[in-house]
Amino acid sequence: MSGGHSSYTPGTGIEKWIDARLPLPRLVYDSFVAYPVPRNLNYAYAFGGILAIMLVSQILTGVVLAMHYAADVGLAFNSVEKIMRDVNSGWLLRYLHSNGASMFFLAVYVHIFRGLYYGSYKAPRELLWILGVIILLLMMATAFMGYVLPWGQMSFWGATVITGFFTAFPVIGDPIQQLLLGGFAVDNPTLNRFFSLHYLLPFMIAGVVVLHVWALHVTGQTNPTGIEVKSKTDTVAFTPYATVKDAFGMVIFFILFAYFVFYLPNYMGHPDNYIQADSLKTPAHIVPEWYFLPFYAMLRAITFNIGPINSKLGGVLTMFGSIAILFIVPWLDTSKIRSAVYRPWYKLFFWLFVANAIMLGWLGSRPAEGLYTLFSQLGTAYYFGFFIVLMPLLGLIETPRRLPNSITEAVLAKTRSGGQPAGVAAAPETRA
Amino acid sequence: MKKLLLGLAAAGLGVVLALGTVNAAEEAHNAAEPTHFPIKEPEEMQWSFAGPFGHYDKQQLQRGLKIYKEVCSACHSMHMVAFRSLEELGYSEAQVKAFAAEYEVQDGPNAEGEMFTRKALPSDYFPSPFPNAQAAAAANNGAAPPDFSLIAKARAVERGFPRFITDIATQYQEGGPDYIHALLTGYGETPPEGMQIPEGTHYNPHFISAKSLAMAQPLQDGQVTYDDGAPQTLSQYSQDIAAFLMWAAEPHLEERKKTGFRVMVFLILFAGLVYVAKRRIWADVEH
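Every value quoted in this text rests on a predicted model; they were computed, and no experiment measured them.

*Asks:* Help me out: how do you make sense of the UniProt feature "binding site: heme b b562" (unreviewed entry) in chain A in this one?
*Replies:* All names here are of chain A. In the numbering used here, UniProt assigns the "binding site: heme b b562" (unreviewed entry) feature to H97 and H198. Spanning 102 residues, the annotated positions come together in the fold, the maximum distance between their C-alpha atoms being 12.7 Å. Structurally, the position occupied by H97 is in helix 5 (residues 90–117). According to the relative accessible area criterion, H97 is buried, its value standing at 18%. In this structure, H97 is in contact with Q58, T61, G62, L65 and H198, ignoring residues within four places of it in sequence. A polar atom in the side chain of H97 sits 2.9 Å from the side chain of T61. You can see H198 is positioned in helix 9 (residues 188–219). Residues in contact with H198, not counting those within four places in the same chain, are H97, T142, M145, G146 and L149. Of note is the side chain of H198, whose polar atom sits 2.9 Å from the backbone oxygen of T142.

This is the structure we're talking about:
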C-alpha cells in the first residue's frame, strides 16, 4: 500500500496462527485501518464509500426480489405486483431496489464529477479512472436490463428502442441485435436472458470494484489540492478519521434515499411502466430512466447525415462515443496542475459542463422537435468540445494559481490565518 | 464544500434560464388542433393520503368501492385486487365473506374434469367483466377498458418545469387521483370551434392522450346512493373513486409512510450522533 510496509502486528495466538496461513486480517487492517488518507479530503470524497454500500444494498434487495420474481412474459408483470401486495415487506424491497438504482447513478455521477474537478484521472491514476469507466458501463447495462424485468410498457418499448440502436451498424448490426433479443423482436427469450444477465453483472461490477479499490490503494487518494502526499503530516489514518467522515456522508445520503423510497417512490419512474407490456400499443413518448437522459438527448441530437454515416448511425456513434471518450480523458488533459481549485478557466468550463449535462438530461425527456433539437445539438457540441478542445487547450494556455508546497501547508494556511494566499483561499475544502 | 455547492447552484441557475426560454417557445399551440394532451391540466385536489402523514379515509374508500361495484365494474376489471384485502377498508371478516359471495368465479377442473362456477371466497380476486381483452374490445367499440388495479399509478399528467422539481419538496405523488378526478368531472364541455371529434368518442379536455375518448361520461349527480350522508354529487363521486383506486394501486401506502417516519427519525438522530463523533475525532487535526 502507498503508506509503505504493513504495520499490522498480530496480538493473540489465534491472530498469529491465521496471519501465518491466510493474512486476511492483515490485508483488512492495512487497507481500512492504517491506510493513510490525505487529511484535507472533503465530503465529495465520501461518494466512493456510498457507492460501495449502494452496490451491496442493490445486491441484497435484488437477491430477495429474485426469489419472488418470475421471468416469463406472461407472469413477470403480475409477479412484481404480487411482490408489491402480498410478499412481506415486498413493497419496501422493490422500492428500495428501484429507487436504489437511481441513487446509485446519482452517487456515481457526483463521484465522476468529483474526479473531473480534482483531476483524479491524471498520472499515476489512469488505470484507476479507466476501471471506473468500466464500472459505469457495467452499471448502465445492468440498470437497463433491470428496467426491462417488470415488463411494463416502458420496459418493453425501452428495450425495443435501445436494442434497435445496434441495427444502425452495417453488416454486424442485425446479428448483434438478434443475439441480444434471442429472436427478431423483444419477447420471452429477451426477458429470460436479461434476467440472467441482470443477476450476473452486479457480481462482475463487484469484481471490477475490487480492482478499482486495489488501484486506489496503490496510488493513494487524490485530494482537493491535487498535490501528492509528501510527508506523514499530510495524512491521517483511514480509521477512525476517514471512516467516521464517510459514515456521516453515508447517513446523510441514506436520508435522501429514504425520502424517495418512503415518500416519493414513484417519482423517478414512469407511469406507463405500471401498464403491462403490449407489443401492439406504442407509448406516445418513449423515454429511458432519468440517468440515461443526457445520453438519449445526444443520440437524438444527430438529425443529419455526415458523409457516408446516416443520422441513425451518427446518433448511435455519438451516444457510445460520449462514454468512450471518458476512457482517454487522462491523455486529453494537458495541464500539469491536477485540481480545478488552481485552474480558474478550467473551473469555469467544468461548471458549464455540469450545467450542460443537466440541460441535456432535461432535453432527453422532451420530444425531439423544434428548439429542443437545436439545444440538444448545442449541448452535444459542448459535451464533446469540453473533452476534445477545452481539455487539451486549457492545459497549454491557462495560467494556474500559485500552488502550496504541500497539503499540510495548504491546510495550515487556511485554518490559521485570515489573510491567505490567493490560491489557498480558493480551496473548496472548507471545514465540514 | 461550500464552493462545490455554490458552483452547483450557479450551474442550476444557468440551466433554469436556458430551460425557461425553451419551455416558453414550445408552449404555444393551436386551440382547434391541439398537439399536446391533456388540453387542460388536472386540478390539484386535497387528498387524505397526501403528505408525509397521509392515510386513507376508510369511509371514502368504502364509498369508492360502492361506485366501483355499481358503475365501473360493468366494464373495468380489477384482477389484482383480492376480496380479502377489503378488510383494510374497515370491513369485518364476515362482511368480506358476504361481499365476496355476491360474485361468481370459475373454478376447476373438479374430479370429473369439469370446470364449474362457485361463489367467490375472500381469497379470490375481483372477477373480470369480460373473458379476455379481445372480448372487452369487441364490446366497447374496439377500445378495451383498462384494468383498474394499477390505474392510479399508471396515469399522471406530466408536471413540466419547474413543478417537477418543487414536487420533490411537496412530496406530490397524487398525479393519478388528480387525473382520475379531472377526467370524470371533465365531460360535458363544448369543444372549441373548428375541432373535429371522431364519431363514437366523447370530448374531454382532461383526457391524457387525445381530445376525446371512447368512454361516455360514466358518473352523474345522484347516480349512486350513499348511506353515510356524503353528498351525492359528481365531484364527490369522482374523489371517492379516485381515492379508492389509489388504495387499489398502492394498498401499503399507509404502512409505507408510517415506516418512513420511523426511518427518518432514526436516520436523523443517527446522523447527529455520527456528526458529533466525527467532530470529536477530528478535533485535534486541522483539515
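*Asks:* Honestly, the interface of chain A and chain B in this entry has me stumped. Any pointers?
*Replies:* It is common to report an interface's size as the accessible area lost on association of the parts. Taken together, the contact between chain A and chain B spans 64 residues of the former and 65 residues of the latter. Each partner contributes to the roughly 5,900 Å² buried at the junction of chain A and chain B, and carbon and sulfur atoms together form 66% of this total. Three residues, R85, Y263 and W362 of chain A, lead the burial of chain A against chain B; their summed loss comes to 14% of the area buried on that side. On the surface where chain A and chain B come into contact, there are 2 salt bridges. Across the pair R366 of chain A and E158 of chain B runs a salt bridge, and its minimum N-O distance is 2.3 Å. At the boundary of chain A with chain B, the tally comes to 18 residue pairs in polar contact (both at pLDDT 80 or more). The set of elements that each furnish at least two residues to the side of chain A that touches chain B consists of helix 4 (76–85), helix 5, helix 10 (238–263), helix 14 (344–364), helix 15 (370–397) and helix 16 (407–416) of chain A. In terms of residue count, the dominant contributor to the side of chain A that touches chain B is helix 10 of chain A (17 residues). Taken together, the residues that form the side of chain A that touches chain B break down as 44 nonpolar, 6 polar and 14 charged.

*Asks:* Whenever I open this one, the UniProt feature "domain: Cytochrome b/b6 C-terminal region profile" (unreviewed entry) in chain A confuses me. Can you help?
*Replies:* Per the UniProt annotation, the sites labelled "domain: Cytochrome b/b6 C-terminal region profile" (unreviewed entry) are residues 228–405 of chain A. With 59% helix and 2% strand, the stretch residues 228–405 of chain A has end C-alpha atoms that lie 10 Å from each other.

*Asks:* Teacher, can you tell me more about empty space enclosed by the protein here?
*Replies:* Over the atoms, a rolling probe the size of a water molecule traces out where space has been left empty. If you walk through the whole model with that rule in mind, you get 5 cavities of 30 Å³ or more. The space that makes up the largest cavity amounts to roughly 130 Å³. Looking at the largest cavity, it is lined by 15 residues, and the ones nearest its centre are Y147, G158, I162, V287 and P288 of chain A. Those elements that provide at least two residues to the lining of the largest cavity are helix 6 (126–148) and helix 7 (153–164) of chain A. A domain split of the lining of the largest cavity shows at least three residues from each of domain 1 (34–280) and domain 2 (287–398) of chain A. The space that makes up the second largest cavity amounts to roughly 60 Å³. Lining of the second largest cavity is provided by E41, P42, V157, E158, R159, R163, Y172 and G175 of chain B. Its residues placed into classes, the lining of the second largest cavity shows 3 nonpolar, 1 polar and 4 charged.

*Asks:* Mind showing me how you'd approach the packing of helix 3 (residues 47–68) of chain A against helix 5 of chain A here?
*Replies:* Relative placement of two packed helices is described by the angle separating their axes and the distance separating the axes. Residue and element names in this part refer to chain A. Packing of helix 3 against helix 5 leaves a shortest axis separation of 9 Å and a crossing angle of 155°. As summarised for this structure, helix 3 and helix 5 are arranged roughly antiparallel, according to the angle between their axes. The two elements helix 3 and helix 5 cross, and the hand of that crossing is left-handed. Listed contacts from helix 5 to F47, G48, I50, L51, M54, L55, Q58, T61, G62, V64 and L65 of helix 3 are L93, R94, L96, H97, G100, A101, M103, F104, A107, V108, V110 and H111. Across the contact of helix 3 with helix 5, the residue classes tally to 15 nonpolar, 7 polar and 1 charged.

*Asks:* Teacher, can you tell me more about the environment of I18 of chain A here?
*Replies:* Tracing the backbone shows I18 of chain A in helix 1 (residues 13–21). Beyond its immediate chain neighbours, meaning those up to four positions away, I18 of chain A contacts P23 and P25 of chain A.

*Asks:* Explain the pattern of salt bridges to me, please; I cannot follow it from the model alone.
*Replies:* A side chain of one charge can pair with a side chain of the opposite charge when the charged atoms of the two come close. A complete count under the given rule lists 24 salt bridges over all chains for this structure. For R343 of chain A, the salt bridge is made with D333 of chain A, and the minimal N-O distance between the two is 3.4 Å. Placement of R343 of chain A in the loop between helix 13 (329–332) and helix 14 and of D333 of chain A in the loop between helix 13 and helix 14 is noted, with a sequence separation of 10 residues between them. For the salt bridge of R159 of chain B with E44 of chain B, the shortest nitrogen-to-oxygen distance reads 3.0 Å. Of this pair, R159 of chain B sits in the loop between helix 5 (151–154) and helix 6 (163–170) while E44 of chain B sits in the loop between helix 1 (2–27) and helix 2 (58–70), and the two are 115 residues apart along the sequence.

Rules and cut-offs
Residues numbered from 1 in each chain as written. Chains lettered and ligands numbered in written order. Predicted model: local features only at pLDDT ≥ 70, side-chain atom pairs only at ≥ 80, totals over all residues. Heavy atoms only, no water. UniProt positions renumbered as here; feature names shortened; annotations may be inferred. Helix = DSSP H or I, 4+ residues; strand = E, 2+ residues; numbered from the N terminus. Buried < 20%, exposed > 50% of the residue type's maximum accessible area, 1.4 Å probe, protein only. Contact = heavy atoms within 4.5 Å. Polar contact = N/O pair within 3.5 Å; in protein donor to acceptor, adjacent residues only side chain to side chain. Buried area = accessible area lost by both parts, 1.4 Å probe. Salt bridge = Lys/Arg side-chain N within 4 Å of Asp/Glu carboxyl O. Nonpolar A, V, L, I, M, F, W, Y, C, P; charged D, E, K, R; others polar. 1 Å grid on protein atoms, 1.4 Å probe; cavity = no way out; pocket = protein on both sides within 12 Å on 5 of 7 lines; lining within 4 Å. Points joined across faces, edges and corners; volume = space filled by probe spheres on them. Domains from an automatic or database assignment. Axes fitted to C-alpha atoms, helices over the stretch in contact; angles between N-to-C directions. Parallel < 35°, antiparallel > 145°, perpendicular 65-115°, else oblique. Left-handed = near helix turned anticlockwise from the far one by under 90°.

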